[in-house]
Amino acid sequence: YPDEPELQICHRLDRETSGVLVLARDREAAAFLKDAIGRKDRTTKEYLAIVHGQPPWDTEARLDIPLRLSTEADDTRLPHVRMLPDPRGLEAITRVIVEQRTGAYALVRCTLVTGRQHQIRAHLAAAGFPIVGDKLYTHGDDAFIEYCDEGLTPELAAMFVIPRHALHAARITLPHPEGG
């Protein structure tokens, strides 16, 4: 829209996550949409992910795993980067349904009930089914640091399976700024 004022992004996706992104054409619409997205009761976000392994869920699973940001006190080389499961952390709930199974992988649909940083990635990894290609939650700190330092070497490419994590923002449902 070259004749429109500058579009405003109303939420964010993690780096390497593809999919739906909400933009607004003016400040009023942006404020309305950002508020609606911030209030989880007014929006629904669904993601598709390809995970390692075969989750045992035949019906919808509810991953209710509180999360907190890593610190220097944790056994990690990456303080303030990774979200960790912690009963004292912030409430984080993801609903997960297995859509398709094949070989060593499964396609899952994740619906956010809450919306924490890296929530889906951290929840699936904590449940034992990390996202294919996720450099931070699937292969540990050393692989992530090596990727940051050296880029996608042939050895890392083989380990990660694909060059980016297999997480896609498939759908967002939200009220329209002009009446619902």
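Note that this is a predicted model, so its numbers are computed, not measured. (Residues numbered from 1 in each chain as written. Predicted model: local features only at pLDDT ≥ 70, side-chain atom pairs only at ≥ 80, totals over all residues. Heavy atoms only, no water.)

Some words on helix H3 (residues 140-150)
Inference 1: Among the residues of H3, Asp141, Ala143, Phe144 and Ile145 are the ones counted as buried.
Inference 2: Those residues of H3 hidden inside the fold are in contact with helix H4 (154-160).
Inference 3: Once H3 finishes, Gly151 follows within two positions and takes phi at roughly 80 degrees, a positive value. (Buried < 20%, exposed > 50% of the residue type's maximum accessible area, 1.4 Å probe, protein only. Helix = DSSP H or I, 4+ residues; strand = E, 2+ residues; numbered from the N terminus. Contact = heavy atoms within 4.5 Å.)

Some remarks on helix H1 (residues 27-38)
Inference 1: Relative to the 16 Å expected for 12 residues at 1.5 Å per residue, H1 spans 16 Å between its end C-alpha atoms, a close match to the ideal helical length.
Inference 2: Along H1, the positions that sit buried rather than exposed are Ala29, Ala30, Leu33, Ala36 and Ile37. The buried residues of H1 occupy one face: seen down the axis, they fall within an arc of 130 degrees. Facing away from the buried side of H1 by more than 90 degrees, the exposed set consists of Arg27 and Glu28.
Inference 3: Where H1 is buried, its residues meet strand E1 (8-9), strand E3 (23-24), strand E4 (44-52) and strand E10 (167-173).
Inference 4: If you check the start of H1, you find a side-chain oxygen 3.1 Å away from the backbone N of Glu28, and it comes from Asp26. (Expected span 1.5 Å × (residues − 1). Arc of directions from axis to C-beta. Polar contact = N/O pair within 3.5 Å; in protein donor to acceptor, adjacent residues only side chain to side chain.)

Shape is all these values report; function is a separate question.
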